[in-house]
Amino acid sequence: MEFLQPFYLWTKAFHIISVIFWMAGMYYLPRLYVYHSETETGSVLSENYKRMEELLLKRIVNPAMGATWLFGILLILTIPSLLSEGWFHVKLTLVIVMSAYHGVLTKWCRLYAADERPHTSKFLRIANEVPPLLTIFIVIMVIVRPF
């Protein structure tokens, strides 16, 4: 859409800012689950982790993901030729996977809030590596554009 062209750099800047906030939360939230899983159910520390997880998710991670998608869609509308690029298809697929993982983290937040412990801290330490790995491949797609 041609009327979006003058705002392209602003849209891109806000997209990147949103991604940074989203990823900060996506890196930290699983780490909170690791620590939370090692606390005693009902303890003051467990209750503190519940509050931290909920606030992080509701005040930072969810809005940042929404803003990332909004500004990303605006970028596609500004430059629709992106949809014909192979690297972009891979990037978009990885962002969809990241969004699905976000959904998993949201589910875990509800489970921890209900004093359920769905996974061991060892499992959660491994799961904590998913967002950084996805981020690496997404950035490579955007910067290197290997195909």
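Let me begin by describing the structure that accompanies this report.

**Some points on the overall build of the chain**
Link 1 in the chain: Scanning the chain from N- to C-terminus turns up 5 helices and 0 strands.
Link 2 in the chain: Scanning the chain from its N terminus toward the C terminus, one meets helices and strands in the order α-α-α-α-α.
Link 3 in the chain: The C-alpha extent of the chain, read off along each of the three principal axes, is 55 × 30 × 15 Å.
Link 4 in the chain: A total of 147 residues make up the chain; the buried ones form 37% of that total.
Link 5 in the chain: Taking the intrachain contacts of the chain between residues at least 6 apart in sequence as the baseline, contacts between residues at least 24 apart amount to 80%.
Link 6 in the chain: Summing over all exposed atoms, the chain offers an accessible surface of approximately 8600 Å²; the carbon and sulfur share of this is 71%.
Link 7 in the chain: In the chain, 13 side chains carry a positive charge and 10 a negative one; their mean positions are 3 Å apart.

**Considering helix α5 (residues 130-144)**
Link 1 in the chain: The end-to-end C-alpha distance of α5 is 21 Å, a good match for the 21 Å that 15 residues give at a rise of 1.5 Å each.
Link 2 in the chain: When α5 is considered as a whole, its buried residues turn out to be Pro131, Leu134, Thr135, Ile138 and Met141. The buried residues of α5 all sit within an arc of 130° when viewed along its axis, so they share a single face. Opposite the buried face of α5, by more than 90 degrees, sit the exposed residues Ile143 and Val144.
Link 3 in the chain: Looking one or two residues past α5, arginine 145 carries a phi angle of roughly 50°, positive in sign.

**Structural notes on the packing of aromatic side chains**
When we look at a pair of aromatic rings, we describe it by the centre distance and by the angle of the planes.
Link 1 in the chain: In this structure the tally under the stated criterion is 8 aromatic pairs.
Link 2 in the chain: Relative to tryptophan 108, the ring of tyrosine 33 lies with its centre 6.1 Å away and its plane at 70°, an arrangement referred to as edge-to-face. Linking tyrosine 33 in helix α1 (residues 8-37) with tryptophan 108 in helix α3 (residues 86-113), this pair joins segments that are 75 residues apart in sequence.
Link 3 in the chain: Taking the relative accessible area as the measure of exposure, tyrosine 33 reaches 0% and is therefore buried.
Link 4 in the chain: The exposure class of tryptophan 108 is buried, given its relative accessible area of 7%.
Link 5 in the chain: The interplanar angle of 80° and the centroid separation of 6.5 Å between the aromatic rings of tyrosine 101 and tryptophan 108 together place this pair among those described as edge-to-face. Across this residue pair, the class does not change: tyrosine 101 and tryptophan 108 are buried.
Link 6 in the chain: Ring pairing ties together the aromatic residues Tyr33, Tyr101, Trp108, Tyr112 and Phe123, which thus form one cluster.

**With respect to the side chain of lysine 91**
Link 1 in the chain: Inspection of the secondary structure assignment puts lysine 91 in helix α3.
Link 2 in the chain: One buried charge, lysine 91, has no salt-bridge partner; the nearest side chain with opposite charge is glutamate 85, at 13 Å.
Link 3 in the chain: Not counting chain neighbours up to four residues away, the residues in contact with lysine 91 comprise His15, Ile138, Met141 and Val142.

**Structural notes on the pattern of salt bridges**
Link 1 in the chain: Here the structure, examined in full by the defined rule, presents 4 salt bridges.
Link 2 in the chain: In this structure, the salt-bridge partner of glutamate 54 is lysine 58, at a minimum N-O distance of 3.0 Å. Of this pair, glutamate 54 and lysine 58 are both found in helix α2 (residues 44-78), 4 residues apart, which corresponds to roughly one turn of the helix.
Link 3 in the chain: Residue glutamate 54 is classed as partly exposed on the basis of its relative accessible area, which comes to 34%.
Link 4 in the chain: The class of lysine 58 is exposed, set by a relative accessible area of 54%.
Link 5 in the chain: Overlapping salt bridges bring together Glu47, Lys50 and Asp115 as one network.

What counts and how
- Residues numbered from 1 in each chain as written.
- Predicted model: local features only at pLDDT ≥ 70, side-chain atom pairs only at ≥ 80, totals over all residues.
- Heavy atoms only, no water.
- Helix = DSSP H or I, 4+ residues; strand = E, 2+ residues; numbered from the N terminus.
- Buried < 20%, exposed > 50% of the residue type's maximum accessible area, 1.4 Å probe, protein only.
- Contact = heavy atoms within 4.5 Å.
- Areas by Shrake-Rupley, 256 points an atom, 1.4 Å probe, with all protein chains shown as cover.
- Lys, Arg positive; Asp, Glu negative; His and termini not counted.
- Charge placed at Lys NZ, Arg CZ, Asp CG, Glu CD.
- Expected span 1.5 Å × (residues − 1).
- Arc of directions from axis to C-beta.
- Phe/Tyr/Trp six-rings, centres within 6.5 Å; stacked < 30°, edge-to-face > 60°.
- Salt bridge = Lys/Arg side-chain N within 4 Å of Asp/Glu carboxyl O.

The analysis is restricted to geometry; functional conclusions fall outside its scope.
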